[in-house]
Amino acid sequence: MANILLLYSTVDGQTRKISQRLQQVIEREQHRVELVPVSAADGAQLNRFDKIVIGASIRYGKHHQEVFEFVERNRPLLDGKPNAFFTVNVVARKPGKNRPETNPYMQKFLQQSAWRPRELAVFAGRIDYPKYGFWDRQAIRFIMWMTQGPTDPKSVVEFTNWDDVEAFGRRICAMH
């Protein structure tokens, strides 16, 4: 039985929701999981865990800076343990952009970070127009219009493939 730390950085909550599903999968496999926002992770507690997983959402083409800062501060420790990274973005709704090697945001993360996670995954996120403030709603609608996505300001569309999330949870359990 492994003790696994599952860190997440989220803007609208979908990365947290995906992390919670991963937690369920991992616990079904009889492992212990602690789910913590990256912003609340303390470097000193990392030694308690056998494996570390980080999930991060994209907003306006970027991962939150706190993810890069956490990884940079803790890279030696991360490199010394089984580890994984996943990104959540709406671009991943497209078949040609839903794998680590084809997703532009995963590739950008790997170019900007010296960390080389052992396992990688990409999950499509969610659009929730009613939840957004006026300017975010307009900006995201424009991006969706440009990329042939949903633009109805009343729509809520979840693109996440939960079977892929479950499969990634099993991969986390199998990491050595």
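The notes below deal with the structure included here.

**Comments concerning the side chain of Ser-19**
Item 1. By the secondary structure assignment, Ser-19 is in helix α1 (residues 14-28).
Item 2. Not counting residues up to four positions away in its chain, the partners in contact with Ser-19 are Leu-6, Tyr-8, Leu-35 and Phe-86.

**Focus: the pairing of strand β2 (residues 32-37)**
Item 1. In the sheet, strand β1 (residues 3-9) pairs with β2 via six bridges, with the strands oriented parallel. Counted as the bridge partner of Tyr-8 is Pro-37 from β2.
Item 2. In this region the chain leaves β1, passes through α1 and returns to the parallel neighbour β2; the handedness of that crossover is right-handed.

**Quick word on the layout of surface pockets**
Item 1. As a volume, the largest pocket reaches approximately 590 Å³.
Item 2. Those elements that provide at least two residues to the lining of the largest pocket are α1, β3 (51-59), β5 (83-89), α3 (104-112), β7 (126-128) and α4 (134-146).
Item 3. Residues belonging to the lining of the largest pocket are distributed by class as follows: 13 nonpolar, nine polar and nine charged.

**Some points on the environment of Leu-78**
Item 1. Residue position: Leu-78 is located in helix α2 (residues 65-79).
Item 2. The class of Leu-78 is buried, set by a relative accessible area of 1%.
Item 3. In the structure, Leu-78 is positioned 27 residues away from Lys-51 in sequence and 8.5 Å away in space, judged by C-alpha atoms.
Item 4. Those residues in contact with Leu-78, other than ones at most four positions away along the chain, are Ile-52, Ile-54, Val-71, Asn-83 and Trp-115.

**As for helix α5 (residues 162-174)**
Item 1. End to end, α5 covers 19 Å across 13 residues, agreeing with the expected 18 Å (1.5 Å per residue, within 8%).
Item 2. When α5 is considered as a whole, its buried residues turn out to be Trp-162, Val-165, Glu-166, Phe-168, Gly-169, Ile-172 and Cys-173. For α5, the angular spread of the buried residues around the axis is 160°, confining them to a single face.
Item 3. In the core, the buried residues of α5 are packed alongside β1, α1, β3, β5, β6 (119-124) and β8 (156-158).
Item 4. The backbone nitrogen of Asp-163 lies 3.0 Å from a side-chain oxygen of the residue at the head of α5, namely Asn-161.

Criteria and thresholds
- Residues numbered from 1 in each chain as written.
- Predicted model: local features only at pLDDT ≥ 70, side-chain atom pairs only at ≥ 80, totals over all residues.
- Heavy atoms only, no water.
- Helix = DSSP H or I, 4+ residues; strand = E, 2+ residues; numbered from the N terminus.
- Contact = heavy atoms within 4.5 Å.
- Pairing = 2+ DSSP bridges.
- Right-handed = clockwise from strand over helix to strand, strands pointing away.
- 1 Å grid on protein atoms, 1.4 Å probe; cavity = no way out; pocket = protein on both sides within 12 Å on 5 of 7 lines; lining within 4 Å.
- Points joined across faces, edges and corners; volume = space filled by probe spheres on them.
- Nonpolar A, V, L, I, M, F, W, Y, C, P; charged D, E, K, R; others polar.
- Buried < 20%, exposed > 50% of the residue type's maximum accessible area, 1.4 Å probe, protein only.
- Expected span 1.5 Å × (residues − 1).
- Arc of directions from axis to C-beta.
- Polar contact = N/O pair within 3.5 Å; in protein donor to acceptor, adjacent residues only side chain to side chain.

Honestly, it's all geometry; don't read function into it.
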